[in-house]
Amino acid sequence: MKDTYKHKGLRKRLIEELIHKGVKDETVLQAMLHVPRHFFFDKDFEDFAYDDKAYPIADGQTISQPYTVAVQSSLLQLKPGMKVLEIGTGSGYQAAVLAEMKARLYSVERKKSLYQKAQFLLNSLGYDVQIWYGDGSQGWPTHAPYDRIIVTAGAPEIPQAYLEQLKPNGILVIPVGDQDNQRMMRVIKHEDGTIEKQDHGPFRFVPLIGNEGW
Ligand code: SAH
């Protein structure tokens, strides 16, 4: 796989589009400028890698729209070195963006083919990401607690396990709703244990499957 001048040019244009759509977080924009999104696409769709759209990956799943990746990454308010749990590795693109932002990343994927492909790709790109093949609807207790948790599949409700696996002052970003439409929720676990929920608008994800999912 090659990252050509053409790809870099398209990427720059995509970043300008995201800025135009209201994305402001410089570290997110810089990370997305660096990650070659076309590496995470199937050959058939590679030409569309720098459109601001979601596309099919294997197994009926999708790679999130760049705008969605930018919004979720911004809402996390990530600082370098923070321990982050991602639910739904999928193509591995969102994971690569977070790794580029210097997260210590743990990611869970329940589809074996996607897990294997993402693991191989992220390693070959030099990203140090720990991936678990399993049901992430109850988090990943082994490595808890986390500074941040990001869920990239739509959940019917906020699983209690995520709140338990967050550190004090931790932030959870999760789309919550029915199977077609969700609201992007930012959930803050304050120092004293109280939970604050903020609504950041409508989004569409594939469903979170599993014990605490659909
Ligand atoms: N972050 C991904 C988006 C993938 S789409 C990317 O950047 O490409 C959502 C993913 O969540 C799918 O791959 C789906 O298989 C996965 N998923 C759904 N329910 C899950 C669960 N309970 N545990 C782990 N992964 C899950």
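Since we're looking at a predicted model, the values are computed, not measured.

Caption draft 1: Spatial organisation of the nonpolar core. Of all hydrophobic cores here, the largest spans 49 residues; its most connected members are L18, M32, F40, Y93, V97, L98 and L122. Elements that contribute at least two residues to this core include exactly α1 (5-20), α2 (26-34), α3 (66-75), α4 (93-100), α5 (112-124), β5 (129-133), β7 (166-177) and β8 (182-189). No other element matches α4, which puts six residues into this core. Apart from residues no more than four positions distant in its own chain, V97 is found in contact with A31, M32, V35, V69 and S73.

Caption draft 2: Highlighting the pattern of salt bridges. Summed over all chains, the structure comprises eight salt bridges. Each of E17, K21 and D52 takes part in one network of salt bridges that share partners.

Caption draft 3: A look at the site of the ligand. Near the ligand lie 26 residues; those nearest to it are S91, E109, D135, G136 and I209. A distance of 3.1 Å separates a nitrogen atom of the ligand from a polar side-chain atom of E86. Alone, the ligand offers 580 Å² of accessible surface; in the complex the protein occludes 99% of this. When atom positions are compared with the pocket grids, the ligand is found to occupy the largest pocket. Listing elements by their share of the shell around the ligand, those giving two or more residues are β2 (62-63), α4 and β4 (104-109). For the shell around the ligand, a count of residues per class yields nine nonpolar, twelve polar and five charged.

Caption draft 4: Region of interest: empty space enclosed by the protein. For the structure on display, the rule yields one cavity of 30 Å³ or more. Of the voids in this model, the largest cavity is the one considered here, and its volume is about 80 Å³. The wall of the largest cavity is formed by F39, F40, D42, I57, G90, S91, L114, K117, A118 and L121. For the lining of the largest cavity, the per-class residue count stands at six nonpolar, two polar and two charged.

Caption draft 5: Structural detail: the packing of α3 against α4. The interhelical angle for the contact between α3 and α4, taken along N-to-C directions, is 40°, at an axis separation of 11 Å. With respect to α4, the element α3 is oriented oblique. Like other packed secondary-structure pairs, α3 and α4 cross with a definite hand, here right-handed. Each of V69, Q72 and S73 in α3 lies in contact with α4, whose residues at this interface are Y93, Q94, V97 and L98. Split into classes, the residues belonging to the contact of α3 with α4 amount to four nonpolar, three polar and no charged.

Caption draft 6: Spatial organisation of α1. Given a rise of 1.5 Å per residue, 16 residues ought to cover 22 Å, and the 23 Å separating the end C-alpha atoms of α1 matches this to within 8%. All buried positions along α1 are accounted for by H7, R11, L14, I15 and L18. Seen end-on, α1 carries its buried residues on one side only, within an arc spanning 100°. What points out from α1, more than 90 degrees from its buried face, is the exposed set Y5, K6, R13 and H20. Among the structural elements, α2 and α3 are those in contact with the buried residues of α1.

Caption draft 7: Structural detail: the layout of surface pockets. A volume near 540 Å³ is recorded for the largest pocket. Lining the largest pocket are 36 residues, and of these Q61, T62, T152, A153 and V206 lie nearest its centre. Every element with two or more residues in the lining of the largest pocket is listed here: β2, α3, β3 (83-87), α4 and β4. For the lining of the largest pocket, the per-class residue count stands at 15 nonpolar, 15 polar and six charged. There is about 200 Å³ of room inside the second largest pocket. Around the second largest pocket, the lining residues are K6, H7, L10, R13, L14, E17, E46, D47, A49, Y50 and D51.

Caption draft 8: Structural detail: the sheet that holds β3. Strand order in this open sheet of seven strands is β5-β4-β3-β6-β7-β8-β9, and the pairing throughout is mixed. Two strands in the sheet have a free side with no partner beyond their single neighbour: β5 and β9 (195-203). Going across the sheet, the axis of each strand differs from the next one's by a mean of 15°, ignoring polarity. Together, β3, β4, β5 and β6 (146-151) form the strand contacts of α4, whose direction differs from that of β3 by roughly 170°.

Parameters at a glance
- Residues numbered from 1 in each chain as written.
- Predicted model: local features only at pLDDT ≥ 70, side-chain atom pairs only at ≥ 80, totals over all residues.
- Heavy atoms only, no water.
- Core = buried A, V, L, I, M, F, W, Y, C linked by side-chain atoms within 4.5 Å.
- Buried < 20%, exposed > 50% of the residue type's maximum accessible area, 1.4 Å probe, protein only.
- Helix = DSSP H or I, 4+ residues; strand = E, 2+ residues; numbered from the N terminus.
- Contact = heavy atoms within 4.5 Å.
- Salt bridge = Lys/Arg side-chain N within 4 Å of Asp/Glu carboxyl O.
- Near = heavy atom within 4 Å.
- Polar contact = N/O pair within 3.5 Å; in protein donor to acceptor, adjacent residues only side chain to side chain.
- Areas by Shrake-Rupley, 256 points an atom, 1.4 Å probe, with all protein chains shown as cover.
- 1 Å grid on protein atoms, 1.4 Å probe; cavity = no way out; pocket = protein on both sides within 12 Å on 5 of 7 lines; lining within 4 Å.
- Sits in = over half its atoms within 2 Å of the grid points.
- Nonpolar A, V, L, I, M, F, W, Y, C, P; charged D, E, K, R; others polar.
- Points joined across faces, edges and corners; volume = space filled by probe spheres on them.
- Axes fitted to C-alpha atoms, helices over the stretch in contact; angles between N-to-C directions.
- Parallel < 35°, antiparallel > 145°, perpendicular 65-115°, else oblique.
- Left-handed = near helix turned anticlockwise from the far one by under 90°.
- Expected span 1.5 Å × (residues − 1).
- Arc of directions from axis to C-beta.
- Pairing = 2+ DSSP bridges.

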